[in-house]
Amino acid sequence: MSKPQLLVTSALPYANGHIHLGHLVEYIQTDIWVRFQKLRGRRCIYICADDTHGTAIMIRARQEGVREEDLLARMHEAHTRDFAGFQIAFDHYGSTHCEENRQLCWEIWQSLRKAGMIYEEEVRQLYDAQAGTFLADRFVKGVCPNCRAPNQYGDSCDRCGHHYDPIDLIDPVSTLSGARPEVRTALHLFVDIEKQHAFLDQWTQNADHLQPEIANYLRGHFLGQPLRPWDVSRPAPYFGFEIPDSPGNYWYVWFDAPIGYMASTWQWCKKEGEDFDAWWASPDTHIYHFIGKDITYFHTLFWPAMLRVSRYQLPRRIQIHGFLTVNGEKMSKSKGTFILASTYLKYLDPAYLRYYYASKLTPRVDDLDLNFEDMAEKADADLVGKVVNLASRTARFVVSTGLASSWPDDGGLFAQTAADGIEIAEAYEACDFNRAMRLILAAADRANQYVERQEPWKLAKDPGQTEQLQKVCTVALNLFRQIAVYLAPVLPRLAEQTGRLLHRPIQHWDEAQKPLLGSPVRPFEHMLKRVDRQAISAMIDESRQPEEAVQASGSRTTVPSAKPVPAETAGAVTESGASVSSSPRWDDDEAALRAEPIAPQCTMEDFQKVDLRVARIVAAEDVPKAKKLLKLTLSLGGEHRRNVFAGVKGVYKPEELVGRLVILAANLAPRKMAFGTSEGMILAAGPGDGEIYLLSPDPGAKPGQRIH
RNA sequence: GGCGGCGUAGCUCAGUUGGUUAGAGCAGCGGAAUCAUAAUCCGCGUGUCCGGGGUUCGAGUCCCUGCGCCGCUACCA
């Protein structure tokens, strides 16, 4: 029998946000690998889906006043369109919110039960009475119980890397309402993953399942100690699947998300008349997961442990990539480098980005830097100047004659590039696309040198050299075709165009092994435009928004940020023009309001608890060790002074603050901070991160006056 | 400050288990050619492989340490 068939997945993007260039590192990487396998004749399917459950979706639907299902349908359509635009060719793109997933979750759940890995525990859980919900891990912050780092999320500490339960947090605060959550007792269900410790020791360290740096990381950070139980249930209200044998409780989104890989495959099987078990329950299928390094924990520990006790196959390999940075820094909305897939497609050809990512991707977990000038140079020099140019400079000479019918002497050039196919294939196979691209470009260099030596343009002027001209162009176009074959996983459209040019579609990797002879040649048509630098600028301008920087992860962020993800991005794609033109004088959009929705209602009494006062900044000094803090001395009139640390460093200079009037929250409890005690807070608007607007009273106000 | 990553030619980077005079592309300079989307071809690279120790017969490659940069995080009461 032939090699095992392949089932390949990319991480499921969360249905709470749009696809951006960071996500695309992963989808382009996976798509190239899948296309490579298919081109080699390997049976291979590429499966993905929207990740749809969890508190973040529930909260957002609530904010928008729509049903979760409507929100999901909208995002599914947008995601599908974005992926198609970048030529990401899924065999199926489903959703975790489907019957198949519910059934599979239930089945695996029962397997975990049977393996004795599920236990129940009454836990005291944090409940936000204002928001009317129990608080998901990422909606509560507090002090890490392990290292005492303040302001940590409920699931893990980013400072010490410790994973724990939200209930263990010290001084919890709800990020939904800002309220101090009350403690309520609730039944929770746990997976005792420690029962699989020995298995995971072995599985993660052996058989090339993981990159070595990942295996080391797991050994150093998790496997050296008992694995903590995993809290996999959430009490109502929660958007997800209710656990059949524990009514009122729902599976945590991270339980059903990876099972979504299976559910989506199942849907594909139904569509194609395939046997689901042949794909997930048979050793004749090799399963490959491509993910970003941020979700390593779930995919390399929980997921294998869950599968182990079920009747399903373990992944053959989990391929992990790093994050995307732009110009050496994380993507930033204010710098215009947080670019949505749909925005890119308005201005630039996806081929540029596909080739650029390919040329920079290695099998390592390193972060990848996107530099647009670099991308433009590479696309122009490599793709247009070297590759496409080969066809462009020779095809026209053989339109009337077609390719020669026998292979001329080419000095072994074709044979060399054919032989290179082995090494190039190895590079693709190992996800070392950088190496593959370099090998391919070397072949293009050799081909251009050949054309240069043979000078077909001179032969074309000599009627006696017609035959020689045909030979030279036959060689050149065959070398070009080999390159088009090797580049086909990265640049599918170039392969199609080459097929059209030479009247023979490219369908298999091995077509680079045998010259194409006697084929007619169409007149050359442009295959790829040079990069328009102005389009790059326009794209960045359109992407520039007064927003704080956003996580530049290459894969999904199932765990949402504490603030609801700004919804304005949805509008930017489909309806950005309309609202602008209807209000000529002020074009204020609702981005800010959506980014930070209005808090739950409070009473006048509540409001009056806060004593706001006019104050004058009488001194301001830099705090050298602080990144964001300035130390301000405020006067409330007379001798009344307050010492306040304000996070405005870099936005306001100390000297320009001295003398100005601000609004001070004067009766806040003093707060001990790293550099001293802060005795109040000055009021400011803006999202932060370079955008802060201090509030000032109109002229005439006096320090010490209260705001009513 | 904590955790993680990185530091190789002007720029972007290869150099995966330590082994001959450290490589490529781009940019630059000089030349050729004019078929091609001003694309192509030829020629030109002694860089303290961030610094300092160490292991080794031998280190860009391993260990320690210092410095610098990036990210997350903490200081935004």
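Residues numbered from 1 in each chain as written. Chains lettered and ligands numbered in written order. Predicted model: local features only at pLDDT ≥ 70, side-chain atom pairs only at ≥ 80, totals over all residues. Heavy atoms only, no water.

## Some details on the overall build of chain A
Secondary structure assignment for chain A yields 23 helices and 25 strands. Buried positions account for 54% of the 708 residues belonging to chain A. Within chain A, contacts between residues separated by at least 24 positions form 74% of all contacts whose residues are at least 6 apart in sequence. With the model as given, the accessible surface of chain A reaches about 31100 Å², and the carbon-plus-sulfur share is 50%. (Helix = DSSP H or I, 4+ residues; strand = E, 2+ residues; numbered from the N terminus. Buried < 20%, exposed > 50% of the residue type's maximum accessible area, 1.4 Å probe, protein only. Contact = heavy atoms within 4.5 Å. Areas by Shrake-Rupley, 256 points an atom, 1.4 Å probe, with all protein chains shown as cover.)

## Remarks on the sheet that holds strand 4 (residues 118–128)
Spatially, four strands are ordered 5-4-9-10 in an open sheet, and the strand pairing comes out antiparallel. One side of each edge strand has no neighbouring strand; the edge strands of this open sheet are strand 5 (133–134) and strand 10 (230–231). Examined bridge by bridge, strand 4 and strand 5 share two bridges and lie antiparallel to one another. From the neighbouring strand, Y127 faces strand 5, where its bridge partner is F134. (Pairing = 2+ DSSP bridges.)

## Points about unusual backbone geometry
Glycine aside, negative phi is the norm for most residues, and most peptide bonds take the trans geometry. Looking along the chain, the bond that leaves A236 and enters P237 is cis, with omega of 0 degrees. By the element assignment, P237 lies in the loop between strand 11 (233–235) and strand 12 (249–251). Here E455, not a glycine, exhibits a phi torsion of approximately 45 degrees, which is positive. Its location among the elements puts E455 in the loop between helix 14 (433–454) and helix 15 (456–459). In the Ramachandran plot, H503 falls in the positive-phi region, its phi being about 60 degrees despite a non-glycine side chain. If you trace the backbone, H503 turns up in the loop between helix 17 (492–501) and helix 18 (533–543). Taking the relative accessible area as the measure of exposure, H503 reaches 36% and is therefore partly exposed.

## Some words on the nonpolar core
Judged by nonpolar contacts, the single largest core of 171 residues is most densely connected at L21, Y357 and Y428. Ranked by residue count, the leading element in this core is helix 16 (residues 466–487), at 13 residues. Counting 18 residues, the second largest nonpolar core, distinct from the first, contains L632, L657, A666 and I682. (Core = buried A, V, L, I, M, F, W, Y, C linked by side-chain atoms within 4.5 Å.)

## Considering the confidence of the model for chain A
Averaged over all residues, the pLDDT of chain A equals 81, while 83% of them reach at least 70. Overall, residues 547–587 carries pLDDT values under 50, and its contacts beyond four positions in sequence, including any with other chains, amount to 99 contacts. For this predicted complex, the interface score ipTM comes out at 0.85, while the overall pTM is 0.77. (pLDDT = per-residue confidence, 0-100.)

## Focus: helix 4 (residues 99–114)
Given a rise of 1.5 Å per residue, 16 residues ought to cover 22 Å, and the 23 Å separating the end C-alpha atoms of helix 4 matches this to within 8%. For helix 4, the set of buried residues is E100, N101, L104, C105, I108, W109, S111 and L112. Looking down the long axis of helix 4, one finds its buried residues gathered within 160 degrees of arc, a one-sided arrangement. Structurally, helix 4 contributes buried residues whose contacts are with strand 4, strand 9 (182–191), strand 12, helix 7 (253–272), helix 8 (276–280) and helix 9 (296–309). G116 sits one or two residues past helix 4 and shows a positive phi near 70 degrees. (Expected span 1.5 Å × (residues − 1). Arc of directions from axis to C-beta.)

## As for the layout of surface pockets
One simple way to see leftover space: roll a probe sized like a water molecule over the atoms. Here the second largest pocket is characterised by a volume of approximately 220 Å³. Looking at the second largest pocket, the residues that line it are R35, K38, L39, A488, P489, P492, A495, E496, G499, R500, P505 and I506. Counting only elements with at least two residues in the lining of the second largest pocket, the list comes to helix 1 (21–39) and helix 17. The dominant element in the lining of the second largest pocket, judged by the number of residues it contributes, is helix 17, at five residues. Residues that form the lining of the second largest pocket fall into these classes: seven nonpolar, one polar and four charged. Among the domains, domain 1 (5–107 + 246–321) and domain 3 (373–512) are the pair contributing at least three residues each to the lining of the second largest pocket. (1 Å grid on protein atoms, 1.4 Å probe; cavity = no way out; pocket = protein on both sides within 12 Å on 5 of 7 lines; lining within 4 Å. Points joined across faces, edges and corners; volume = space filled by probe spheres on them. Nonpolar A, V, L, I, M, F, W, Y, C, P; charged D, E, K, R; others polar. Domains from an automatic or database assignment.)

## Remarks on the sheet that holds strand 13 (residues 285–292)
The strand order across the open sheet built from five strands is 3-2-1-13-14, with neighbouring strands paired in parallel fashion. Each having just a single partner strand, strand 3 (92–95) and strand 14 (317–321) make up the two edges of the open sheet. For this sheet, the mean inter-axis angle between neighbouring strands, taken without regard to orientation, is 25 degrees. Sheet topology places strand 1 (residues 5–10) next to strand 13; six bridges connect them, and they run parallel. Pairing of L6 across the sheet is with H286, part of strand 13. (Axes fitted to C-alpha atoms, helices over the stretch in contact; angles between N-to-C directions.)

## Some points on the packing of helix 11 (residues 350–360) against helix 12 (residues 372–394)
Running from amino to carboxyl end, helix 11 crosses helix 12 at an angle of 95 degrees, the nearest separation of the two axes being 9 Å. As the angle between them shows, helix 11 and helix 12 are arranged roughly perpendicular. Packed against helix 11, whose contacting residues are A351, Y352, L353, Y355, Y356, S359 and K360, the element helix 12 presents D374, M375, K378, A379, D382 and L383 at the interface. When its residues are assigned to classes, the contact of helix 11 with helix 12 shows eight nonpolar, one polar and four charged. (Parallel < 35°, antiparallel > 145°, perpendicular 65-115°, else oblique.)

## Let's talk about the side chain of N249
When you line up the elements, N249 lands in strand 12. The residues touching N249, leaving out its near neighbours within four places in the chain, are L187, L189, S233, R234, P235, F241, E242 and I243.

## Re the environment of I47
Along the chain, I47 turns up in strand 2 (residues 44–50). For I47, a relative accessible area of 0% corresponds to the buried category. C-alpha of I47 to C-alpha of M262: the two residues are 215 residues apart in sequence and 8.7 Å apart in space. Beyond its immediate sequence surroundings of up to four residues, I47 is in contact with L7, V8, T9, S10, H92, Y261, S264, T265 and W268.

## What about the packing of aromatic side chains?
Following the criterion strictly, the structure yields 32 aromatic pairs and no others. For the ring pair F83 and Y93, a centre distance of 5.5 Å and an interplane angle of 55 degrees mean the geometry is tilted. In this pair, F83 sits in helix 3 (residues 68–85) while Y93 sits in strand 3, placing the two residues ten residues apart along the sequence. Look at Y93 and you get buried, because its relative accessible area is 10%. A centroid spacing of 5.4 Å and a plane angle of 15 degrees characterise the contact between Y119 and F190, whose relative ring orientation is stacked. Separated by 71 residues along the polypeptide, Y119 in strand 4 and F190 in strand 9 bring together distant segments of the chain. Owing to a relative accessible area of 4%, F190 belongs among the buried residues under this scheme. Within the aromatic cluster, the residues linked to one another by ring pairs are W230, Y252, W254, Y297, F298 and F302. Here the basic side chain of R184 rests over the ring of Y127, its NZ or CZ set 3.6 Å away from the ring centre. (Phe/Tyr/Trp six-rings, centres within 6.5 Å; stacked < 30°, edge-to-face > 60°. Lys NZ or Arg CZ within 6 Å of the ring centre and 35° of its normal.)

## Overview of helix 13 (residues 413–429)
Taking 1.5 Å per residue as the helical rise, helix 13 with its 17 residues ought to reach 24 Å, and the 24 Å between its terminal C-alpha atoms agrees with that figure. Within helix 13, the axis deviates most sharply at I422, by approximately 30 degrees. Looking only at helix 13, the buried set comprises L413, F414, T417, A418, D420, G421, I424, A425, A427 and Y428. Contacts made by the buried residues of helix 13 are with helix 1, helix 14 and helix 16. (Bend = angle between axes of the 7 residues up to and from the residue.)

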